[in-house]
Amino acid sequence: MDETYITVSEVTDYIGEIIGSDLNLRHIFIKGELSNVRLYPSGHLYFTLKDDGSQIKGVMFGARYKLNFRPKDGMKVLIEGKIEVYKKNGLYQLYANKISRDGLGDLHQRYLELKEKLDKEGLFDESHKKKIPNFPKRIGVITAQNGAAIRDIITTIERRWPLCEVILFPSLVQGDKAAENIVYQIKRSEGFDLDTLIVGRGGGSIEDLWSFNEEIVARAIYDCNTPVISAVGHEIDFTIADFVADLRAATPTAAAEIAVPPYGEIKNGVNQLKLRANLAIDKQFEDNKSRLDNLLSKKIFTNPCEIYAPKEMMLDNLLNRLEHSSKSLIMKNESRLNIVKNSNVFKNPLEIIEHKQSVLDTLVSSLKYSSNALVMKNESRLDLVKNSSVFKNPDLIIKDKRENYLLQLSKLEILNPLNTLKRGYTLAKIEGKVISSSKDLKSGDELEVEFEDGNVNTKVI
Amino acid sequence: MADENVSFEDNLKELEEIVARLEKGDVPLDNAIEEFKKAMDLVKSCDDKLKNAQDTIAKIVKDNGEIVDFDIE
């Protein structure tokens, strides 16, 4: 028998090829319980998957980044991956792509049902959320006394806002008694005049965190008069406690950061306010000063004379005019007065009186004289008239006049031409005109000849 | 002087309001000076509180109701 020996490597390669070429083994789904779980700093996870009858070694590369839970011994899991031979150790092993928790279906169902129920009751309503105080003086924390959570919270608060006191209400945060304990401490904390209450724990498996999905815890948080921040590690998206709390933080550290203001920022803020107050008051002073300066620069302050000088000038002018006009008025009246004063009336009134008296006397005497003369003249004229013969012997005058008349009459009788005609004389007339010379006549003239007893018309031959 | 019993938050809020009023500039100067004094008192009060801050006081309420200092170390 020709026996050919092959090397270990060769047989392992051979087995590897057989296993690697099997389609069933290249994409396989396996369930089991984890043991010998080791998570290396490289992020790779090594474990043994077993059940009552067998076991298989397994590895998951980059598990730290792929898993949303921390794998532990005894944990039931569902794994998706492939079987390959690890040549160096001569092992076939499971290379896991996905690992998920087995048996969570029930829990998840309970979670969803409770969430829906409480949501319908309104426990998650925003209107019930209390405001978390900005500057708490005392914060209560309900978590495990020995856990990392309380240390994270205290150090964070110390760092950010040391003005705040932290009171721990130690509680179980996992296991069967946890929910009851948490509820007890929530109620107890009410008597401590807390500004804010943080309820939570660090990360863990869904079972570890389960107390925060219990209805009694949710209701205790809801009923709590202190504003509650939930601070449950982030294994799953949200616990029921997160929904019902007034504020949700992803971790205890985050809860502490939310619960208190940042010291540095507040200090800066106060300094800023101080600075702003100073700037504002300075500005107001400056503004007022510039307003004052502006006022002081007005003429009324810098050169007040300029304001009243024109008025003064006007006043002077008026005074001047007043003086002048009053003076001239006085002078005018004085001169009038002087004229009056200097008149004789005042200087020598007796003289005037005497003069007037003498004039008057003269006048009186002349009046007397002339009136006497007139009287005498008229008296003598009257006497003359009275002594005239007219008045003394009117008959004599009448006799004279009569004699004279008769004399004249006899003369007149002698001269009457008609008497001549009686003695035989005639008058020759042409056209009424007496012809006294023959030379005035010529042959043919018609001649009127007047006789004492009538007229005859003749013709010159 | 700012009231010691008034909370830090109330002091800070009042300080903010006063500063806002001062910055608006419509407070008459006399009042502004009063406001400014008040603001400085508030700043001092806030500063004092901030300066006086020691390490956070941490306590634990024991099962028997006793309250004792809690040391995280």
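Q: Would you mind going over the overall build of chain A with me for this structure?
A: Looking only at helices and strands, chain A features 17 helices and 14 strands. The C-alpha radius of gyration computed for chain A amounts to 86 Å, which surpasses the reference 23 Å derived for 461 residues by more than 25%, pointing to a less compact arrangement than a globule. Its C-alpha atoms put chain A at 265 × 90 × 50 Å along the principal axes. Here the analysis covers contacts within chain A between residues at least 6 apart in sequence; of these, 59% occur between residues at least 24 apart. Entry remark: accessible area of chain A is about 31000 Å², with carbon and sulfur atoms responsible for 55%. Treating the 65 positive side-chain charges of chain A as one cloud and the 65 negative ones as another, the clouds have centres 11 Å apart.

Q: Honestly, the pairing of strand 13 (residues 446–450) of chain A in this entry has me stumped. Any pointers?
A: All names here are of chain A. Sheet topology note: the strand 11 (residues 427–430)/strand 13 ladder contains 3 bridges and is antiparallel. Residue L427 lies in a different strand from strand 13, and its bridge partner there is E450. Relative to strand 14 (residues 455–459), strand 13 runs antiparallel, the two being bridged by 5 bridges. Looking at strand 14, one finds that E450 is bridged to N455. Taken together, strand 13 and the strand that follows it, strand 14, pair antiparallel across an intervening segment of 4 residues.

Q: Got a minute to help me understand the domain arrangement of chain A in this structure?
A: A common measure of how large an interface is: the accessible area buried when the components associate. Segmentation of chain A into domains returns domain 1 (8–102), domain 2 (111–261) and domain 3 (418–459). Each of domain 1 of chain A and domain 3 of chain A was reduced to a C-alpha centroid, and the two centroids are 221 Å apart.

Q: Looking at this model, I keep getting lost on the state of the cysteines. Mind explaining?
A: Throughout this description, disulfide means a covalent bond between two cysteine sulfur atoms. Under the definition given, this model contains 0 disulfides over all chains. The closest cysteine sulfur to the non-disulfide-bonded C224(A) is located on C164(A), 16 Å from its own sulfur. Lacking any disulfide linkage, C46(B) is separated from the closest cysteine sulfur, that of C164(A), by 16 Å. A relative accessible area of 0% means that C46(B) is categorised as buried.

Q: Which parts of the structure should I look at to understand the nonpolar core?
A: Soluble, globular proteins show a tendency: their nonpolar side chains are buried together. If you look at the biggest cluster of nonpolar residues, it comprises 45 residues, and the most contacted ones within it are I198(A), F8(B) and L12(B). Considering each element in turn, this core owes the most residues, 7 residues, to helix 2 (residues 29–51) of chain B. In contact with I198(A), other than residues within four places in its own chain, are I139(A), G140(A), V141(A), I142(A), I153(A), I229(A), A231(A), A255(A), A256(A) and A259(A). One finds I182(A), I240(A), A241(A) and V61(B) within the second-largest nonpolar core, a separate group that totals 36 residues.

Q: In this structure, what is going on with the packing of helix 6 (residues 178–189) of chain A against helix 7 (residues 215–223) of chain A? I would like to understand it.
A: Residue and element names in this part refer to chain A. The geometry of helix 6 relative to helix 7 is characterised by a closest axis approach of 9 Å and an angle of 10° between their N-to-C directions. The orientation of helix 6 with respect to helix 7, classified from their angle, is roughly parallel. Packed against helix 6, whose contacting residues are A179, E180, I182, V183 and I186, the element helix 7 presents I216, V217, A220 and I221 at the interface. Residue composition of the contact of helix 6 with helix 7, by class: 8 nonpolar, no polar and 1 charged.

Q: When you look at the side chain of K129(A) in this model, what are you seeing that I'm missing?
A: Residue and element names in this part refer to chain A. Looking at the secondary structure, you find K129 in the loop between helix 4 (104–121) and strand 6 (138–143). Despite its burial, K129 pairs with no opposite charge; the closest candidate is E126, at 5.0 Å N-O. Among the polar contacts listed, one links the side chain of K129 to the backbone oxygen of A245, at a separation of 2.8 Å. In this structure K129 touches F124, F243, V244, A245 and D246, once residues within four positions along its chain are discounted.

Q: What's the story with the sheet that holds strand 13 of chain A in this structure? I'm lost.
A: Whether parallel or antiparallel, the strands of a sheet pair through hydrogen bonds between backbone atoms. Residues and elements named next belong to chain A. With antiparallel pairing, the 4 strands of this open sheet are ordered in space as 12-11-13-14. Each having just a single partner strand, strand 12 (433–434) and strand 14 make up the two edges of the open sheet. Direction of pairing for strand 11 relative to strand 12: antiparallel, over a ladder of 2 bridges. Paired with K429 across the bridge in strand 12 is V434.

Q: What am I meant to see in unusual backbone geometry here?
A: Working note: non-glycine residues mostly have negative phi, and peptide bonds are mostly trans. Residue and element names in this part refer to chain A. Phi is positive for N36, which is not a glycine, with a value near 50°. If you trace the backbone, N36 turns up in strand 1 (residues 28–39). Under the relative-accessibility criterion, N36 is labelled partly exposed at 46%. At D193, a position not held by glycine, the phi torsion is positive, near 50°. Within the secondary structure layout, D193 lies in the loop between helix 6 and strand 8 (196–201).

Q: When you look at the pairing of strand 7 (residues 165–170) of chain A in this model, what are you seeing that I'm missing?
A: Side-chain positions along a regular strand alternate between the two faces of the sheet. Counting buried residues in strand 7 of chain A gives 6 out of 6 residues, a clear majority hidden from the surface. Covered by surrounding structure in strand 7 of chain A are E165(A), I167(A) and F169(A) together with V166(A), L168(A) and P170(A), the residues of both alternating faces. With 6 bridges connecting them, strand 6 of chain A and strand 7 of chain A associate as parallel partners. Within the sheet, the bridge partner assigned to I142(A) lies in strand 7 of chain A and is F169(A). Viewed along the sheet, the connection from strand 6 of chain A through helix 5 (residues 148–160) of chain A into strand 7 of chain A turns out right-handed. Strand direction decides the pairing type here: strand 7 of chain A and strand 1 (residues 58–61) of chain B, joined by 3 bridges, are parallel. Across the sheet, L168(A) pairs through a bridge with I60(B), a residue of strand 1 of chain B.

Q: In this structure, what is going on with the packing of aromatic side chains? I would like to understand it.
A: The way to describe two aromatic rings as a pair is by their centre distance and the angle between their planes. Inspection of every chain in the model, using the stated rule, returns 9 aromatic pairs over all chains. Measuring from centroid to centroid gives 6.2 Å for W161(A) and Y263(A), while their planes differ by 55°, and the two rings are tilted. With W161(A) in the loop between helix 5 and strand 7 and Y263(A) in helix 10 (residues 263–296), the pair connects residues that are 102 residues apart, well separated along the chain. Taking relative accessible area as the criterion, W161(A) reaches 1% and is therefore assigned buried. Judged by centre distance (5.1 Å) and plane angle (80°), the rings of F169(A) and F192(A) are edge-to-face. Here F169(A) is found in strand 7, whereas its partner F192(A) is found in the loop between helix 6 and strand 8, with 23 residues between them in sequence. Of the two residues, F169(A) and F192(A), neither departs from the other in class, the shared state being buried. Ring pairing ties together the aromatic residues F135(A), W161(A), Y263(A) and F8(B), which thus form one cluster. Here the basic side chain of R101(A) rests over the ring of F69(A), its NZ or CZ set 5.5 Å away from the ring centre.

Rules used throughout
- Residues numbered from 1 in each chain as written.
- Chains lettered and ligands numbered in written order.
- Predicted model: local features only at pLDDT ≥ 70, side-chain atom pairs only at ≥ 80, totals over all residues.
- Heavy atoms only, no water.
- Helix = DSSP H or I, 4+ residues; strand = E, 2+ residues; numbered from the N terminus.
- Rg over C-alpha atoms; globule rule 2.2 N^0.38 Å.
- Contact = heavy atoms within 4.5 Å.
- Areas by Shrake-Rupley, 256 points an atom, 1.4 Å probe, with all protein chains shown as cover.
- Lys, Arg positive; Asp, Glu negative; His and termini not counted.
- Charge placed at Lys NZ, Arg CZ, Asp CG, Glu CD.
- Pairing = 2+ DSSP bridges.
- Domains from an automatic or database assignment.
- Disulfide = S-S within 2.5 Å.
- Buried < 20%, exposed > 50% of the residue type's maximum accessible area, 1.4 Å probe, protein only.
- Core = buried A, V, L, I, M, F, W, Y, C linked by side-chain atoms within 4.5 Å.
- Axes fitted to C-alpha atoms, helices over the stretch in contact; angles between N-to-C directions.
- Parallel < 35°, antiparallel > 145°, perpendicular 65-115°, else oblique.
- Nonpolar A, V, L, I, M, F, W, Y, C, P; charged D, E, K, R; others polar.
- Salt bridge = Lys/Arg side-chain N within 4 Å of Asp/Glu carboxyl O.
- Polar contact = N/O pair within 3.5 Å; in protein donor to acceptor, adjacent residues only side chain to side chain.
- Right-handed = clockwise from strand over helix to strand, strands pointing away.
- Phe/Tyr/Trp six-rings, centres within 6.5 Å; stacked < 30°, edge-to-face > 60°.
- Lys NZ or Arg CZ within 6 Å of the ring centre and 35° of its normal.

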